[in-house]
Amino acid sequence: MELRLDGKLALVTGASGGLGLHFAGVLAKAGAHVTLAARRAETVEAEAHRLREAGHAADAAELDVTRDDSVAALFEATAFDIVINNAGIAGGGAALDMPRDEFQQVIDTNLSGVFAVAQAAARGMTEQGGAIVNIASILGLRVAGHVAAYTASKAAVVQLTKALALEWARYGIRVSALCPGYIETSINNAFFATDAGKALIRRIPQRRLGRLTDLDAPLLLLASDQAAYMTGAIIAVDGGHLVSGL
Ligand code: NDP
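Procedures and definitions
Residues numbered from 1 in each chain as written. Predicted model: local features only at pLDDT ≥ 70, side-chain atom pairs only at ≥ 80, totals over all residues. Heavy atoms only, no water. Helix = DSSP H or I, 4+ residues; strand = E, 2+ residues; numbered from the N terminus. Rg over C-alpha atoms; globule rule 2.2 N^0.38 Å. Buried < 20%, exposed > 50% of the residue type's maximum accessible area, 1.4 Å probe, protein only. Contact = heavy atoms within 4.5 Å. Lys, Arg positive; Asp, Glu negative; His and termini not counted. Salt bridge = Lys/Arg side-chain N within 4 Å of Asp/Glu carboxyl O. Polar contact = N/O pair within 3.5 Å; in protein donor to acceptor, adjacent residues only side chain to side chain. Phe/Tyr/Trp six-rings, centres within 6.5 Å; stacked < 30°, edge-to-face > 60°. Axes fitted to C-alpha atoms, helices over the stretch in contact; angles between N-to-C directions. Parallel < 35°, antiparallel > 145°, perpendicular 65-115°, else oblique. Left-handed = near helix turned anticlockwise from the far one by under 90°. Nonpolar A, V, L, I, M, F, W, Y, C, P; charged D, E, K, R; others polar.

**Quick notes on the overall build of the chain**
Right, on to step 1. Within the chain, the secondary structure is distributed over 8 helices and 7 strands.
Right, on to step 2. Relative to the globule expectation of 18 Å for 246 residues, the C-alpha radius of gyration of the chain, 17 Å, shows essentially globular dimensions.
Right, on to step 3. Overall, the C-alpha framework of the chain stretches about 50 × 40 × 40 Å when taken along its three principal axes.
Right, on to step 4. Counting only residues that meet the buried cut, the chain has 48% of its 246 residues in that class.
Right, on to step 5. Considering only residue pairs separated by 6 or more positions, the chain has 71% of its internal contacts joining residues 24 or more positions apart.

Printed below as a string of structure tokens:
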């Protein structure tokens, strides 16, 4: 069975790079009209242009998920069928030294930003339903050192996902979360070539990092009508990292 999204209007936040840019391509290739949104407006515009050149339906929007006016402006123009709540920041550092405003910035982006976008999206979905996929992390379900704010924000996204799924099921709005494990990208592959990086990979039961493409089928499933009876689902894509032995 092929998972298709023809005729669907989709939004991907944080689509100027990394996972979000990849997700935008995946949805566009499955037939959705995709809006790529991020703070770097020129970057998302260039990437949307690239997708259109390749024959897909795409456009771009400037979006800062921490600003209410920015979120409102985006949803004023369009009601989306599918929203991928992907924008996020890492904000690492030792908890003893972390200034409160840095902690808050992670929460504002990763948690409050996800809520604001989900709420604005859901207000446009109450008639026809829709699918919201929050990009959490395995760090929403387990912890690691030096990412206290991040892991707290992602754990909250997991719980928020379930709470919104419960409240919005009556409108036909499905809310799910994808929890990627460590995904190899250009940003982190230098680290994973080091001894510390290799040691981390040995702790993953499948003994490898995730590839961006490992996320494609789970993302498409959660976004598509084929998952009509799935809501509140928290799906880990992590090579078994969450079930590594203690
Ligand atoms: P990147 O740093 O590569 O991309 C983050 C994206 O979020 C960028 O497009 C950035 O665009 C956007 N962004 C950041 N802040 C804001 C904001 N305030 N408003 C709008 N957009 C914003 O990170 P990844 O691709 O690695 O991560 C994407 C998501 O996946 C995150 O939620 C992350 O926590 C999650 N994740 C990633 C994993 C990984 O291994 N990479 C593993 C598990 C989860 P711009 O700066 O233009 O606004």
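Additional details are given in the paragraphs that follow.
**A word on the side chain of R174**
Right, on to step 1. Following the sequence through the fold, R174 ends up in strand 6 (residues 173-180).
Right, on to step 2. The side chain of R174 is buried and forms no salt bridge, while D225, the nearest opposite charge, is found at 5.2 Å.
Right, on to step 3. Among the polar contacts listed, one links the side chain of R174 to the backbone oxygen of M230, at a separation of 3.2 Å.
Right, on to step 4. Apart from the residues lying within four places of it in its own chain, the contact partners of R174 are G130, A131, I132, L222, A223, S224, A227, A228, M230 and T231.

**Topic: the packing of aromatic side chains**
Right, on to step 1. This structure, assessed with the given rule, holds 3 aromatic pairs.
Right, on to step 2. Aromatic side chains F75 and F80 sit 5.6 Å apart centroid to centroid with 80° between the ring planes, which places their arrangement in the edge-to-face category.
Right, on to step 3. Relative accessible area serves as the criterion here: at 13%, F75 is assigned to the buried category.
Right, on to step 4. Classification of F80 by relative accessible area gives buried; the value is 2%.
Right, on to step 5. Here a set of aromatic residues connected by ring pairs shows up, and it is made of Y182, F191 and F192.

**Some details on the packing of helix 1 (residues 18-29) against helix 8 (residues 216-223)**
Right, on to step 1. Between helix 1 and helix 8, the least distance of the axes is 10 Å, while the angle of their chain directions is 60°. When the axis of helix 1 is compared with that of helix 8, the two are oblique. Handedness of the crossing formed by helix 1 with helix 8: right-handed. Along its contact with helix 1, which presents H22, F23, V26 and L27, the element helix 8 presents D216, L219, L220 and A223.
Right, on to step 2. Grouping the constituent residues of the contact of helix 1 with helix 8 by class yields 6 nonpolar, 1 polar and 1 charged.

Function cannot be read off these values alone, since they describe shape.
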